[in-house]
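Chain by chain, the residues:
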Amino acid sequence: MGIESLLIMLVIGAIAGWLAGRIVEGYGFGVLGNIVVGIVGAFIAGLILPRIGFSVGGGLFSAIIHSTLGAVILLVLIRLVKRA
């Protein structure tokens, strides 16, 4: 993985984490936390979404959508665990 790929992954993770924090109210983790949530969300989305047949397409915009959906799933799971 080149430095460009790493930077793009961090930017997509930051955007996805920020969007997920806005969608799931009350779960903003700061810049680094949002990047982590976005990257973990992208991983979750990569595992779950293809299995249920959800695909947006290719490109930067679809990567942000997939990562955001995965990050929202992650934040909802965190919320459920904190309530238990």
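As shown above, the structure is provided for reference.
Position labels on residues start from 1 in each chain and follow its written sequence. The model is predicted, so local features are restricted to residues of pLDDT at least 70 and side-chain atom pairs to those at 80 or more, both for listing and for counting; the totals for chains, interfaces and linings are taken over all residues. Side-chain measures here rest on the full set of heavy atoms in the structure, leaving out hydrogens and waters.

Secondary structure elements are taken from DSSP: a helix is a run of H or I of four residues or more, a strand is a run of E of two residues or more, and numbering for both begins at the N terminus. Residue placement: phenylalanine 61 occurs in helix H3 (residues 60–83). We classify phenylalanine 61 as exposed; its relative accessible area is 62%. With 41 residues separating them along the chain, phenylalanine 61 and alanine 20 place their C-alpha atoms 15 Å apart. Exposure is judged per residue with a 1.4 Å probe applied to protein chains only, and the accessible area is read against the type maximum: over 50% gives exposed, under 20% gives buried, and values in between give partly exposed.

A word on helix H2 (residues 30–48). The span you would expect from a helix comes to 1.5 Å times its residue count less one. Spanning 19 residues, H2 covers 26 Å between terminal C-alpha atoms, matching the ideal 27 Å at 1.5 Å per step. Residues of H2 that are buried: Asn34, Ile35, Val37, Gly38, Gly41, Ile44 and Ala45. Here the buried face of H2 lies against helix H1 (3–23) and H3. Only heavy atoms matter for contacts: two residues are in contact if any of them lie within 4.5 Å across the pair.

To continue, consider a nonpolar patch on the surface. Together, Phe43, Leu47, Ile48, Ile52, Phe54, Val56 and Leu69 make up an exposed nonpolar region whose accessible area comes to about 620 Å². The element best represented in the nonpolar patch is H2, accounting for three residues. Given the relative accessible area of 39%, leucine 47 is considered partly exposed. Like-charged residues are merged into a patch within 9 Å and nonpolar side chains (Val, Leu, Ile, Met, Phe, Trp, Tyr) within 5 Å, provided each residue has over 30% relative accessible area and no salt bridge. Reported accessibility uses the Shrake-Rupley method at a 1.4 Å probe radius. Residues are deemed covered only where the shown protein chains occlude them. Salt bridges are defined as contacts in which a side-chain nitrogen from Lys or Arg sits within 4 Å of a carboxyl oxygen from Asp or Glu.

Looking now at H3. Here H3 spans 35 Å end to end across 24 residues, near enough to the 34 Å set by a 1.5 Å rise per residue. What H3 keeps buried is the set Ser62, Ile64, His66, Ser67, Thr68, Gly70, Ala71, Val72, Leu74 and Leu75. Looking at the buried positions of H3, the neighbouring elements they touch are H1 and H2.

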